[in-house]
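Observations on the model geometry
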Amino acid sequence: MKDFKMYNLGGSCCQRRIDNVNGVKIFIKEIEKKIEGVENGFTKFFYEIEHMRKYQELGLFPEIYYVDDKDEKYTVGMEFCCNGVTLSDLLRNTCIDMELFKHALSYIIEELFGRLYSDVFPEKPDARYLEKCYYSRVEKRIKYVFEQGLIEKYHFSDTLYWMVEKGCVINGEFYPPISQYLEYMRKSDFLSEVLMIDSVCNIHYDLCPLNILVELDLAYKKITSFKLIDVRGEQETGRNVRHYMYDMGKMLLGLDCFDLFRIFNGKGEKKSYLLNQYTNDIPQFDFSLLPDGMAARYKEANDCFWELMNEKQYYSKMLKQSADKLRRQYLFSRSMMYHPDIPCRIIYEHDEEMAILFFIRGMMMIRNFLEEVLGEDPVGKFNGKIDLWNGISH
């Protein structure tokens, strides 16, 4: 299709290439065993491949052709699928009609609930599920930034440090330090009851739209199949912490501002947002999205997700959860996804503004979640209504 563009973004420790063997394209993924990144590297890749091999019969992953486990390198040859086109590519390209994207999203979610999440494990959920998968992950990733000296290494200002220590002001409203939000949520019996899972099941564990390959029909009207890539293996995570709310949080991250900050930022493509920073004792920001940019397309995709959740009530019946509980779990999961990605963005993009934007959006998502569940943000003493899509909402 004319004007269709694919974006190769950084974020993996693996080397990738496509080989042609007897006229067949094979996707090669390779890593040096000594490499270990931010929950990334050889160990993660090894368990990813083991997971794909174990569940190959599901038909949801590319076929593994061979594994070459050498002394220093680990190389895997696998099926080259869908010409490398991802669900993210459908959203990033304005030449793709949004109806095609919506069809693709609906088809994929329906297949995942029917073929993957329906595989319920016999294990009981880890009693510390929320702590392990969310609260501690946020804390550890933020600490990583400072313990590894990333601010100094990439010559950033002290802004991120003060945001962590003192909080920040976004669009005139104060957000206390992230540590205060985590402390409140940990201690809330009500939130624990609302959020805690009662079963575990087969999931992807990194279900961003960019990890879903899609096969388009010749008329570009629908997708005919899809494959999941870059899965987090159950041997890495443990089976008793795998739950679809984590996947839905990752999906919502990809349908929000993730691409807007990484691609449509005025450096790669036309800018989709405005960010002004003011020097003060506490970092202050004015943040809004631009109505004539890509942001409106991402808002439409986000709205489509929630419409699908409301329409497909059998999800809640099949999973024996109320629709309200599912919504709260997904909102919480989404709110915990931005902060952990900050060190990755610093390491791969070396971009301070991007790291700040991820922090800002994460704080907005936490406030939005608390508003939805409690009717207010008791930590920031805010009882208004936050506008997540400021600039394009009306």
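Since the structure is predicted, the reported quantities are computational estimates derived from the model, not experimental observations.

1. A look at the pattern of salt bridges
Counted under the stated rule, the structure contains 35 salt bridges. Between K102 and E300 there is a salt bridge, with its nearest N and O atoms 3.0 Å apart. Of this pair, K102 sits in helix α3 (residues 98–115) while E300 sits in helix α12 (residues 295–311), and the two are 198 residues apart along the sequence. We note a salt bridge from D256 to R361, for which the minimum N-O separation is 2.8 Å. Taken as a pair, D256 in the loop between α10 (244–254) and α11 (258–262) and R361 in helix α16 (residues 352–374) lie far apart in primary sequence, 105 residues in all. Exposure remark for R361: the relative accessible area of 0% places this residue in the buried category. Shared partners join several salt bridges into a network, and the residues in it are R16, K29, K44, E48 and D230.

2. As for the packing of aromatic side chains
With the rule as written, the count across this model stands at 26 aromatic pairs. Each ring, one from F45 and one from Y74, has its centre 5.5 Å from the other, and the planes form 85 degrees; the classification is edge-to-face. Here Y74 lies in strand β4 (residues 73–79) and F45 lies in helix α1 (residues 42–54), a separation of 29 residues in the sequence. Taking the centre distance of 6.2 Å and the plane angle of 65 degrees together, the rings of F305 and Y330 count as edge-to-face. Here the residue F305 occupies a position in helix α12, and Y330 occupies one in helix α14 (residues 323–335), the gap between them amounting to 25 residues. Residues F305 and Y330 agree in their burial class; the two are buried. By way of ring pairs, the aromatic residues Y129, Y134, Y135, Y205, Y246, F332 and F369 are connected into one cluster. The ring of W162 has K166 sitting right over it, with the charged end atom 4.6 Å from the ring centre.

3. Description of the sheet that holds β4
Spatial strand order, β1-β2-β4-β3: 4 strands in an open sheet with antiparallel pairing. Edge strands, defined here as strands with exactly one partner in the open sheet, are β1 (15–21) and β3 (64–69). Neighbour-to-neighbour, the strand axes of the sheet open up by a mean angle of 20 degrees, direction not taken into account. Looking at chain direction, β3 and β4 are connected through 5 bridges and run antiparallel. In the sheet register, I64 faces β4, and the bridge partner there is M78.

4. Things to note about the sheet that holds strand β9 (residues 273–278)
Taken together, 4 strands build an open sheet; the order of strands is β6-β5-β10-β9 and the sheet is mixed. Of all strands in the sheet, those with a lone pairing partner are β6 (173–175) and β9, marking the two edges. Direction aside, the axes of adjacent strands within the sheet are offset by 25 degrees on average. Bridge count for strand β5 (residues 168–170) against β6 is 3 bridges, and the pairing is antiparallel. Bridged to I170 within β6 is E173. Of the strands in this sheet, β5, β6, β9 and β10 (284–289) touch α16, which is tilted by about 95 degrees from β9.

About the cut-offs
- Note that residues are indexed from 1 along each chain, following the sequence as it is written.
- Given that the model is predicted, a residue must reach a pLDDT of at least 70 before its local features are reported, and side-chain atom pairs must reach 80 or more before they are shown or counted; all residues, however, enter totals for whole chains, interfaces and linings.
- As a rule here, side-chain values cover all heavy atoms of the structure and leave hydrogens and water aside.
- One speaks of a salt bridge when a side-chain nitrogen belonging to Lys or Arg is within 4 Å of a carboxyl oxygen belonging to Asp or Glu.
- Each helix is a run of DSSP H or I of at least 4 residues and each strand a run of E of at least 2, with the numbering of both proceeding from the N terminus.
- Per-residue accessibility, obtained with a 1.4 Å probe over protein chains only, is compared with the maximum for each type, and a residue is labelled buried under 20%, exposed over 50%, and partly exposed between these values.
- Side-chain rings of Phe, Tyr and Trp (the six-membered ring for Trp) are treated as a pair once their centres are within 6.5 Å; stacked means planes under 30 degrees apart, edge-to-face means over 60, and tilted covers the remaining angles.
- A positively charged side chain is recorded as over a ring if its NZ (Lys) or CZ (Arg) lies within 6 Å of the ring centre. The angle to the ring normal must also be within 35 degrees.
- Strands are labelled as partners when DSSP assigns at least two bridges between them.
- As a rule, the C-alpha atoms of each element are fitted with a line to give its axis, helices using only the stretch in contact, and angles between N-to-C directions run from 0 to 180 degrees.
- Two residues qualify as a contact provided that any one of their heavy atoms is within 4.5 Å of a heavy atom in the partner residue.

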